[in-house]
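Breakdown of the fold
Each chain, written out:
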Amino acid sequence: MTDTIIETAVTNPPVAFTREKIGWTAWLKPLPEAEFTERHYEALVDKARAQSSYFALLVRDPNILEARTKTDNDIFYNTKDGLPRAERELAATAASRLNGCILCASVHSRFASQYSKREDDVQKLLDEGVSADLGERWNAIVAASVALSATPPAFGADHVKALRNAGLSDEEISDVIHGAAFFNWANRLMLSIGEPTPAA
Amino acid sequence: MPDTKDVIDHLLGTVPGLTADGLRSRRPVTRENAQKSWDALFAPGDTSQVTLAERFAVAAFVAAVHDDQTIAGFYTDKLDGVENGSALRSTVEALGELAATKGPYGQYPDGPLTPENQEGPTLVIPEADRAVLGDRLSAALRHAHLLVFHPRDANPAALQQLLSSGWSTTGVVTLSQLVSFLAFQIRVVAGLKVLAAA
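Note that this is a predicted model, so its numbers are computed, not measured. As a convention, each chain's residues are numbered from 1 in the sequence order in which they are written. Starting at A for chains and at 1 for ligands, labels are handed out in the order in which the entities are written. Selection of residues for local features in this predicted model requires a pLDDT of at least 70, selection of side-chain atom pairs for listing and counting requires 80 or more, and totals for whole chains, interfaces and linings are taken over all residues.

1. Points about the overall build of chain A
What counts, and what does not: In this text, helices come from DSSP runs of H or I with a minimum length of four residues, and strands from runs of E with a minimum of two, each type numbered from the N-terminal end. Within these notes, the globule rule equals 2.2 Å times the number of residues to the 0.38 power, and the radius of gyration is based on C-alpha atoms.
Within chain A, the secondary structure is distributed over nine helices and two strands. For chain A, the α and β elements follow one another from N to C terminus as β-α-α-α-α-α-α-α-α-α-β. Computed over the C-alpha atoms, the radius of gyration of chain A is 18 Å, within 12% of the 16 Å expected from 2.2 N^0.38 for a compact globule of 200 residues. Referenced to the eigenvectors of the C-alpha coordinate spread, the extents of chain A come out at roughly 55 × 35 × 35 Å.

2. Section: the domain arrangement of chain A
All names here are of chain A. To keep it simple, the criterion reads: Start and end points for every domain follow an automatic or database-based domain assignment. Throughout, a residue-residue contact means that the two C-beta atoms, derived from backbone geometry, are no farther apart than 7 Å. The classification used treats Ala, Val, Leu, Ile, Met, Phe, Trp, Tyr, Cys and Pro as nonpolar, Asp, Glu, Lys and Arg as charged, and all other residues, Gly among them, as polar.
As assigned here, chain A comprises domain 1 (23-75 + 191-197) and domain 2 (83-189). For domain 1 and domain 2, the distance between their C-alpha centroids amounts to 25 Å. Contacts between the two partners involve eight residues from domain 1 and, on the opposite side, nine residues from domain 2. When contributions to the side of domain 1 that touches domain 2 are tallied by element, the ones reaching two or more residues are helix H3 (62-77) and helix H9 (170-192). Looking at the side of domain 1 that touches domain 2 residue by residue, the class counts come to five nonpolar, two polar and one charged.

3. What to know about the environment of Ser 113 of chain A
All names here are of chain A. Its location among the elements puts Ser 113 in helix H5 (residues 102-116). It is 27 Å that separates the C-alpha atoms of Ser 113 and Pro 153, two residues lying 40 residues apart in sequence. Those residues within four positions of Ser 113 in sequence are excluded, and the remaining contacts are Arg 19, Arg 118, Glu 119 and Val 122.

Structure follows, in C-alpha cells:
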C-alpha cells in the first residue's frame, strides 16, 4: 500500500512573523489515536500532545520523538542554573527567524517576551530580522545563534568574545549553543511536514 | 548496539577534564537524550521503514554538505560497515562535494516577507549516480539537501516525491528526524569546539 500526502488548502495563512498564537496542519497522516499503544503515549512525554497533529505524526517513530522531546525540555526548562529562560527562548527565536519558521518563531517569541518582559525588542527581532539592534547582550546572543544556524555553521571565537564581553559565563554560552542548535532540529521538522494555519 | 559510548563526545574528541566535557557534564539529561536520539536513529530496533545503509548514507551526505570533515568521516566509516553500505560510499561522497553550498535560503509565502526571498540551488543528482543510489536513496538525498539548506521551501510535493519513490509515512518521519537531528548534532559539536578553544 502506498501512503499519500494530505492535500491542504489553508486560506489566509500567516505570511509574516508574529507573536500571536497560530496553528499548524500536517501534510502527512498523523497516527490515529485509536492506534496508539502505551509506547506511543510514553513517547509523547506529555500525553496531552496526542491531540496535536504535529506530535501525533512524529509519534510514528516513538523512540526518536521521546529522546527529542527530553532533549528539548532539558535545554529549555532546566533553568536551575545557567542562562535565564528568556535568553534561551531568544536563541530559539533568532534561529527560527533566520531559518524562516513562522510557527516556531511565534511560539518562542511569545516565551521570550513573557520571560523577559521586553515585548518591543522581541517584536523588533521579528519585524526587522536578525540584524535588529536589541542592545549589547541580546545582540551578542542573536548574532551567535544566527552564526551557528548558518550552513555551514559560521560561529567563531569572535562570537564567544562578544558573549563574554556582554557578561555571559561559558556555562551560559553553552546554553546559547544548545538552544540555537536545538532549533535547527525543531525548525526543519516543523517546516517540512506541515504548514502554519491562521489564528483560530 | 551502538559501538561508541557517546557520539557527541567522540566527535568533540573530548578528554575528561577539558572544557567541552565539563560543559556537557553539567547537563546530564541533555547529554543522555542526545545519545538516545542517536541510538534511536542509528541503532534502531526496527529497520523495516529505513535501512541502516540509508540512514548512514544520508548522514554522511548531510555532514559533508555542512563542510565538517570529521563528522562526515565518522558517518562514512559507519556507512562502510553496514550491509550494502560500502557500494554507496564514493557516490555519496562525490554528491556531498557537488551539493555543498551556503544556507539558509528559500522563499516565503507572498506578503511582507517577499523581499527576504533568496534564491538557491536544488540538488540535481546525475543519472549515473541515481543508478547507484536507486530511487529511494536518491529521493532521500534530495530531501536532505532541501532540509539542510532551504527548509522554508519544503512543501507537500517534496513529501509526495518521497512517497512516490517508495517511502512510507513512517519512513518519512524517521528520515526527517534524522536530517534534523544531524543539524543539531553538528552545531553542538561545532559550537562547543569553538567555545572550548576560545
